[in-house]
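Overview (structure and organization)
If you want the building blocks of each chain, they are given just below.
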Amino acid sequence: MEDLEEKGKENCKKLLQCLSSVTLPLVPMTDGQKSPTETASGFLIPRNGKTYLLSAAHAIAEKQWFIEAQVAGGRSGSGVLIPLQVVWATEATISVETGDSQAVDFAWAEIDI
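Report follows, based on the coordinates. (Residues numbered from 1 in each chain as written. Predicted model: local features only at pLDDT ≥ 70, side-chain atom pairs only at ≥ 80, totals over all residues. Heavy atoms only, no water.)

**Comments concerning the overall build of the chain**
- When you go through the chain residue by residue, the secondary structure sums to two helices and seven strands.
- If you list the helices and strands of the chain from N to C, you get α-β-β-β-α-β-β-β-β.
- With 113 residues in all, the chain has 22% of them scored as buried.
- Partitioning the intrachain contacts of the chain with sequence separation of at least 6 by distance along the chain shows that 44% fall at a separation of at least 24.
- For the chain, the exposed area adds up to about 8,600 Å²; of that, 55% sits on carbon and sulfur atoms. (Helix = DSSP H or I, 4+ residues; strand = E, 2+ residues; numbered from the N terminus. Buried < 20%, exposed > 50% of the residue type's maximum accessible area, 1.4 Å probe, protein only. Contact = heavy atoms within 4.5 Å. Areas by Shrake-Rupley, 256 points an atom, 1.4 Å probe, with all protein chains shown as cover.)

**Looking at the pairing of strand 3 (residues 50-55)**
- As judged from the six bridges shared by strand 2 (residues 40-47) and strand 3, these two strands associate in the antiparallel manner. By the bridge assignment, L44 is partnered in strand 3 with L53.
- Counted between consecutive antiparallel strands, the loop separating strand 2 from strand 3 contains two residues, among which N48 sits at a positive phi close to 50 degrees. (Pairing = 2+ DSSP bridges.)

**Digging into the packing of aromatic side chains**
- In total, this model carries two aromatic pairs according to the counting rule given.
- Ring centres 6.2 Å apart and planes at 70 degrees place the aromatic pair Y52 and W108 in the edge-to-face group. Taken together, the residues span a long stretch of sequence, with Y52 in strand 3 and W108 in strand 7 (residues 101-111) at a distance of 56 residues.
- A relative accessible area of 29% places W108 in the partly exposed class.
- On the numbers, 6.2 Å between centres and 20 degrees between planes, the contact of F106 with W108 is stacked.
- Since its relative accessible area comes to 27%, F106 is described here as partly exposed.
- Through successive ring pairs, a cluster of aromatic residues spans Y52, F106 and W108. (Phe/Tyr/Trp six-rings, centres within 6.5 Å; stacked < 30°, edge-to-face > 60°.)

**Some words on the pairing of strand 2**
- Relative to strand 2, strand 1 (residues 24-28) is paired through three bridges, and the arrangement is antiparallel. When the bridges of strand 2 are listed, L26 appears paired with A40.

Okay, here's the thing in structure tokens:
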């Protein structure tokens, strides 16, 4: 049983490492603001020849959010802010099978890359 538990922990660590390698940091910024006071995350998905960033609607559907990209070889804290324009967001839906409402919380923004 202990061996199985250790394997489970090891697999969780591997999964987290994999996910963190494709997760992008997001920050909201306003004019004159020097550093972000909130953070969120998202990831890129290709669809029909376009690329979208997918994140939580409660995070990026309000305010102006940016992808915080680090500059290769730059000093700590140096980076580029890439603005997001949220295309679509939802925070609830109805299950087709049962008719019950289910919590859904996602938004996406098209990324021109």
